[in-house]
Every structure is written in C-alpha cells, then in structure tokens.
Amino acid sequence: EPEVTQTPSHQVTQMGQEVILRCVPISNHLYFYWYRQILGQKVEFLVSFYNNEISEKSEIFDDQFSVERPDGSNFTLKIRSTKLEDSAMYFCASSEGQGGQETQYFGPGTRLLVL
Amino acid sequence: GESVGLHLPTLSVQEGDNSIINCAYSNSASDYFIWYKQESGKGPQFIIDIRSNMDKRQGQRVTVLLNKTVKHLSLQIAATQPGDSAVYFCAENVGYYGGSQGNLIFGKGTKLSVKP
C-alpha cells in the first residue's frame, strides 16, 4: 500500500539554525501539506501546496518557513532560523485531489527538538 | 473563533464492547469531516470520512454519524479490540467552495484505552 514517508524521523538542532524536513508524498498525489503537533496539543495546519505554489497557509507559517518541491518526488519544509517554540512533530500529508474534497494521508512525522 | 472540539478526553472500554467517540464542531460551513487514529509516535491514520450531504457512513467495524442540526460528529467502533487503543481525532474542512485549499482543522483528541 502506498504511503507518505518522511525523513529524518528525529532532528535535534540549536536555536537559530536552519532545518529542512523532507517528505515523499504518495506518487500519484497532486496536493501536499505540512502540519505540526506540539506535544500534547492538536494537530495544526501549516501550509498546502499545489502545482508548485502555496495554495493556503496558516498564521503559523510565517517568513521563517518555506516549502519546496525540488524534484518529482520530494516535498520539503524549511525553517530558516529555528526557535525553541518550533519544537514539535511535523507531519507531511498528501491527497490525490483537492484536500477539502479528498482524503489526506499523513506520514509518520519528524520530531524536531530545538535546543 | 471556529473550532472542533471533543466532549471527552479519555475513554476506557472493555475488549469486545462498542466504543463511541464524540466530536462537536462549530463551523456550520464545514462540509467534510474525517476521523483519524493516532498511535503513539506515529502520524494520523485515516479511518473514515463523511461529507455534509450524508448523515451516516459505515466502514469496516466503524460508523461515522453526522448531525448537522446540532453540529455533532461521532465515531462508533464495533467490537473494540486492544489494537484500537489510540488517540482519535476528528477534523473538519469547509471545502473548496468554502474557500479552503485543504486546511484541516483538528480537534484535541480522545484517548481510547481498551482493557483486555
């Protein structure tokens, strides 16, 4: 069964450093998403991406964040200068069709710890 | 603001019993609802979804009920098994025609514990 994969599974970084989280969405999916989950809290939407551009983003997704689809299979989330409060699980998701109409499938997540 | 919330943070059931997990939503414009299961250390796993033009949908051992009048969503799990132990999230979306590009709004989650 096809699934979304994410690397690394864990990432520890120093405050102020840049991190890149990587995702490989399901191969025939066209819509991609990033969510985060701070420990013990709700899953929160960050950004949706389609046709090589951001289609929607939340207030959390400020100028420190960026997304990219560098090739035909990878989808990345970059945090330019990490802050302590960026520590969270980051989930990538993908859907075949537009996410308000089609199921979003989630990856296993990357646990980011900012020290 | 608009929110999706859960009535009970924890639910403990005996193996073999049926489980009912409830969710309230406040955005009357939401037209797509999903239940996800999250096991410890893993990502949300899709269970079942329902659109606002339906009030019931059944899957394998699971049923989702949608009551738009009172803005309530429930997940019923039949013959609950130890492997069902997890946190269950409901999520909503206002849909493309509501101006959304896929922004799922999640509830806080209900932890289901199944006692053998």
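Quick caveat: nothing in here was measured; it's all calculated off a predicted structure.

Draft legend 1. Seen up close, the overall build of chain B. The number of helices and strands found in chain B is 0 helices and 11 strands. Going residue by residue from the N terminus, the α and β elements of chain B occur as β-β-β-β-β-β-β-β-β-β-β. By residue count, 43% of the 116 residues in chain B fall in the buried class. In chain B, once contacts between residues fewer than 6 apart in sequence are set aside, the share between residues at least 24 apart is 55%. Total accessible area on chain B stands at roughly 5,600 Å², and carbon and sulfur atoms take up 47% of it.

Draft legend 2. Inspection of the interface of chain B and chain A at higher detail. Each partner contributes residues to the interface: chain B has 24 residues there, and chain A has 22 residues. Summed over both sides, the interface of chain B with chain A buries roughly 1,900 Å², with 51% coming from carbon and sulfur. Linking chain B with chain A are 0 salt bridges, by the criterion used here. Counting the contacts that link chain B with chain A gives 6 residue pairs in polar contact (both at pLDDT 80 or more). At the level of elements, β4 (32–38), β5 (45–51) and β9 (86–93) of chain B are the ones that each hand at least two residues to the side of chain B that touches chain A.

Draft legend 3. Representation of the pattern of salt bridges within the structure. Residues and elements named next belong to chain B. This model, assessed by the stated rule, comprises 4 salt bridges over all chains. Close ionic contact of glutamate 39 with lysine 42 constitutes a salt bridge, the shortest N to O distance being 3.8 Å. Taking the relative accessible area as the measure of exposure, glutamate 39 reaches 26% and is therefore partly exposed. What makes lysine 42 partly exposed here is its relative accessible area of 45%.

Draft legend 4. Inspection of the environment of alanine 93 of chain A at higher detail. Residues and elements named next belong to chain A. If you trace the backbone, alanine 93 turns up in strand β9 (residues 88–95). The spacing of alanine 93 and lysine 57 is 36 residues in sequence and 14 Å in space, taken between C-alpha atoms. If near-sequence neighbours (up to four positions away) are discounted, alanine 93 is found in contact with Tyr31, Phe32, Tyr33, Tyr35, Gln104, Tyr105 and Phe106.

Conventions and cut-offs
- Residues numbered from 1 in each chain as written.
- Chains lettered and ligands numbered in written order.
- Predicted model: local features only at pLDDT ≥ 70, side-chain atom pairs only at ≥ 80, totals over all residues.
- Heavy atoms only, no water.
- Helix = DSSP H or I, 4+ residues; strand = E, 2+ residues; numbered from the N terminus.
- Buried < 20%, exposed > 50% of the residue type's maximum accessible area, 1.4 Å probe, protein only.
- Contact = heavy atoms within 4.5 Å.
- Areas by Shrake-Rupley, 256 points an atom, 1.4 Å probe, with all protein chains shown as cover.
- Buried area = accessible area lost by both parts, 1.4 Å probe.
- Salt bridge = Lys/Arg side-chain N within 4 Å of Asp/Glu carboxyl O.
- Polar contact = N/O pair within 3.5 Å; in protein donor to acceptor, adjacent residues only side chain to side chain.

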